[in-house]
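One-letter residues, chain by chain:
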Amino acid sequence: MADTTATVLELRGITKRYPGVVADDHVDFDVRAGEVHALLGENGAGKSTLMNVLYGLTKPDEGEIVVRGKRVSFSSAKDAIEAGIGMVHQHFMLIPVMTVAENIVLGVEPVRNGLLLDERGAEQRVRELSQQFGLTVDPTALVSRITVGQQQRVEILKALYRGADILILDEPTAVLTPQEAGELFAIVRSLKADGKSIIFISHKLNEVLEIADRITVLRRGKRIDTIPREGATEQGLARMMVGRDVLLRVDKAEPSPADVVLDVRDLHVVDERGLAKVRGVSFSVRGGEIVAVAGVDGNGQTELVEALTGLRPLAAGTVAVAGRELADYTARTMIDAGVGHIPEDRLRRGLVLEFTLAENLALHDYDKPPNARRGWLSPRRLVERAVQLIREFDIRGGGPLTLAGALSGGNQQKVVVARELSRNPAILIAAQPTRGLDVGAIEYVHRRLVAERDAGRAVLLVSLELDEVLSLADRILVMYEGRIVGEHAAGASEEEIGLEMLGGRRQVAA
Amino acid sequence: MSAAAPLNVPPEQEPSPGFAVRLGAAQRAGGLIVPVLTAVLAFLAGGIVVAATGHNPWTAYKGIWDGAGFDWLFHIPWDTNTTHLSAFNLSQTLLTTTTLILVGLAVAFPFRCGLFNIGGQGQYLVGLIVANWVGVDFASWPTLPHVLLGIGAATVAGAVWAGIAGFLKAATGAHEVISTIMLNWIAIWGGQYLFGQGGPLQNTYNPAAPESGTIAPSAHIPVFWGSPVLQGLDYGFFVALAALVVFWLLLNRTTLGYEVRAVGYNPEAAAYGGIDVKRKYIEAMAISGAFAGLAGALDMLGYLFQFGVLDVQASQIGFLGIAVALLGRNTAIGTGIAAFLFGGLLYGTTRGLNPNVFDPSLAGNLTSMIQGLIVLFVGADIFILYLWNARRKLRLRRRAAATT
């Protein structure tokens, strides 16, 4: 049944305008039976709007949708589902207290005796579906008890159960571990083998090259091109996405390390439940070098950073900044001692989204002159400085009085970076500074970190992306179960570090 | 929210805003429209109930309007007949407004710090009690110091009372809703004991009467509109207006206000910024209690002069602060306007109402109903905004249909 040439879906000249922005500008897009068609673009390029149009969530201002040769008009997701389109959102829409099977059949429940939910039938049907496509998940398990990767499978099953043969996956790997992402790709391939069409939305180049048959690139609401995977390169795709050449590899000179700026001795940290998360970590960072902490998520990196920035108490050990031991370890002390911190979750911690950019940029020194005198805030001064920083750090999408929540992810991160660097910290701790950013913004952050290091600043980078660690670090520390299990010079092999990250070789580093 | 920037965000730039962010954005986007719509809807619903009881809603509302003295604002200067009663009614409305502004601010301020203060009533009573004690006991003092001492002591007492809830939250994580409710009961029973028979603050002239002593004339806040004998409007009204300005300045022009707002919006980001979040909880509650305590002092020194055990039991005004703050969106201007609205409603449906126009017992219930409806509708802000947007969308769609 898999006719790999037939076009099952066509979007023609889709245009959607929002006040001040054209989200999609006459975009054409088509999908064939049994293919994976990737939709690639930076945040705000118009991918989500296009898919919302396709899924009936947004009405386009212009353009038409053709499904299997027939012009259709969707006024709700229900119409799209009836036309055989299914969507798996980036944020799952499952009911945690219900079972997998109950979630899947929700809204189209099989009924027994005309009234009662046929639970057996539902479970049976879910089992059949999951076997057919290799989507292993226990139909009787509660959704709240299964992993994120499994929840995603439930979402896919939900779409399949409703008869979808065109599946939209919106940034499906954003929430997955690398292992789970690998399993997802296997599922996508098996769906494809069965003749399903998949629209794969992403801004990660390597993923797209791995899974897609064709790739369409959007930039600022316009379709740049649609190309086959064969012959596509990361470099070429990045250029299409951003509109200029992008440095995917970081160019940097040899480091010239100076004095020790951050000195950590035998640090122990526990979490809320009293479990040891950091178990006796010692290391130092010198001015003019980037030291990276590599490791799989959940091996104590978060707690390490929180302890170093005063957001979590130390269970034992000492931290010295610029040669001085600290009296206490509150956030205030750390900030005043010269610790700059780009937090791993900028939405949760790095920014007050309801504050203006001017207020956000002053988050650490709102109470210091000239921002404030004797407890009186100087809004004018905050705005003046914001104007200056917005220009200096090229923050786009708003002025000093724009709310931080209104900016794109990349520009929000620039606000955080601008705030931390403008304080001229002795050491900059960057925790996953490029998480969720698109190619252009990643390049910016990387260049900026290297520039700071070249200017003599000490940088501690904590990242889950091994690529990032390898391309930026002058020294690499590998963390596993709360301990540093390896130390490497720049240029260490990926395999060696990867093995240590998984606990393959245990040792206590000096 | 005094200077909210216009927000025109296409949906895809906002990846997945949380509920609080959406609510915040919705409230900002709604601007003035939503609270006004909320009040109008509440009045409409109230009118339907009035009609259902066989009365004319228009006459009823006109009666309340006149009862609140609002007609004085539109009076013809030479019409001395009506102005006399209207002026008196309006002065009484403003007297109630004074209290409501302050108990409203007592809810609004901690709200901006992410705290829900249900303890306005208790803090108000504590202020009332302390002001009574100062007013009775320091009778030899000259007027100005005596009044200031009463106000100051009551304000501090209210701050301490609410500060307890803040401290409990900071030290043990005890939820402020629970602790302020319990502190209300302690204040209520404490007041009944203190003013009751044999209580330390009971009056000295009639041991049979369970009520406080009467404060000395030196502790009276002078009246500037109306007769001092007939409960005229005292200068406390201006203190309440000043409190609105103080509230705004405190929140928007001081480092403390910056900290309070940061904690209210995002405690984690505030902690990351170096702000001592727990300390802000205590400070925000203390400031809140100061407003409520001040309300108690102004009432006691302005026109109550004494208070009985039955009054303690019957007093409800502190709770009304919640509705005032909610309708006023926890802003200074909003709280001021909402307090005036509720002040008029409260007085206009009770003593100010002409019983021949509308039965006061029904009218009093109408106030409670409108109050309840407003709280309900404010809680349903998003729903109202949704209706608003749906209407706009429908119009756009119709226009689109007309052009194609």
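Here is a short report on the structure shown in this document. A quick note: this is a predicted structure, and the numbers were derived from the prediction, not measured.

What about the overall build of chain B?
Here is step 1: Of the regular secondary structure elements, chain B holds 16 helices and 2 strands.
Here is step 2: Within chain B, buried positions represent 49% of all 404 residues.
Here is step 3: Sequence-distant contacts, at least 24 apart, represent 74% of the contacts inside chain B between residues at least 6 apart.

Here's the deal with unusual backbone geometry
Here is step 1: The amide bond that connects Pro 369 of chain A to the next residue, Pro 370 of chain A, takes the cis arrangement and shows omega of 5°.
Here is step 2: Tracing the backbone shows Pro 370 of chain A in the loop between helix H12 (357–361) and strand E19 (372–373).
Here is step 3: Within the chain, Gln 231 of chain B stands out as a residue other than glycine whose phi angle is a positive 55°.
Here is step 4: In this structure, Gln 231 of chain B sits in the loop between strand E1 (223–225) and strand E2 (233–234).

Let's talk about the sheet that holds strand E18 (residues 339–342) of chain A
Residue and element names in this part refer to chain A.
Here is step 1: Here we have 6 strands laid out as an open sheet, ordered E18-E21-E22-E15-E23-E24, and mixed in their pairing. Looking at which strands have only one partner, the edges of the open sheet turn out to be E18 and strand E24 (483–489). Each adjacent strand pair in this sheet contributes to an overall mean axis angle of 20°, direction not counted.
Here is step 2: The pairing of E18 with strand E21 (residues 427–431) spans 4 bridges and is classified as parallel. Counted as the bridge partner of Ile 342 is Ala 430 from E21.
Here is step 3: On top of the sheet, helix H15 (residues 439–454) reaches strand E15 (290–294), E21 and strand E22 (458–463); it is set at about 150° to E22, its chief contact.

What about the nonpolar core?
All names here are of chain B.
Here is step 1: In this structure, Leu 102 and Phe 291 are the most contacted members of the largest nonpolar core, which totals 255 residues.
Here is step 2: Sorting elements by how many residues they give to this core places helix H11 (residues 277–304) first, with 16 residues.
Here is step 3: Ignoring sequence-local partners within four residues, the contact set of Phe 291 consists of Leu 102, Leu 105, Ala 106, Phe 109 and Ala 243.

Thoughts on the environment of Ala 431 of chain A
Here is step 1: Turning to its location among the elements, Ala 431 of chain A is positioned in strand E21.
Here is step 2: Between the C-alpha atoms of Ala 431 of chain A and Arg 346 of chain A, which are 85 residues apart in sequence, the distance is 9.9 Å.

Concerning the sheet that holds strand E11 (residues 214–219) of chain A
Residues and elements named next belong to chain A.
Here is step 1: Read across the open sheet, the 6 strands follow the order E6-E9-E10-E3-E11-E12; overall the sheet is mixed. Strands at the two margins of the open sheet, each flanked by one partner only, are strand E6 (85–88) and strand E12 (222–228). Strand after strand, the sheet turns through a mean of 20° between neighbouring axes, direction not considered.
Here is step 2: In the packing of helix H5 (residues 148–161) onto the sheet, the strands contacted are E6 and strand E9 (166–170), and the crossing angle to E6 comes to about 165°.
Here is step 3: Strands in contact with helix H8 (residues 234–242) are strand E3 (36–40), E11 and E12; relative to E11, the strand with the most contacts, it is inclined by about 30°.

Thoughts on the pairing of strand E14 (residues 276–286) of chain A
All names here are of chain A.
Here is step 1: Both strand E13 (residues 260–270) and E14 contribute to a ladder of 8 bridges, which runs antiparallel. For Leu 267, the partnering residue across the bridge sits in E14 and is Val 281.
Here is step 2: Two successive antiparallel strands, E13 and E14, enclose a turn made up of 5 residues, where Gly 274 displays a positive phi of approximately 85°.

Criteria and thresholds
- Residues numbered from 1 in each chain as written.
- Chains lettered and ligands numbered in written order.
- Predicted model: local features only at pLDDT ≥ 70, side-chain atom pairs only at ≥ 80, totals over all residues.
- Helix = DSSP H or I, 4+ residues; strand = E, 2+ residues; numbered from the N terminus.
- Buried ≥ 20, exposed ≤ 12 C-beta atoms within 10 Å, placed from the backbone.
- Contact = placed C-beta atoms within 7 Å.
- Pairing = 2+ DSSP bridges.
- Axes fitted to C-alpha atoms, helices over the stretch in contact; angles between N-to-C directions.
- Core = buried A, V, L, I, M, F, W, Y, C linked by C-beta atoms within 7 Å.

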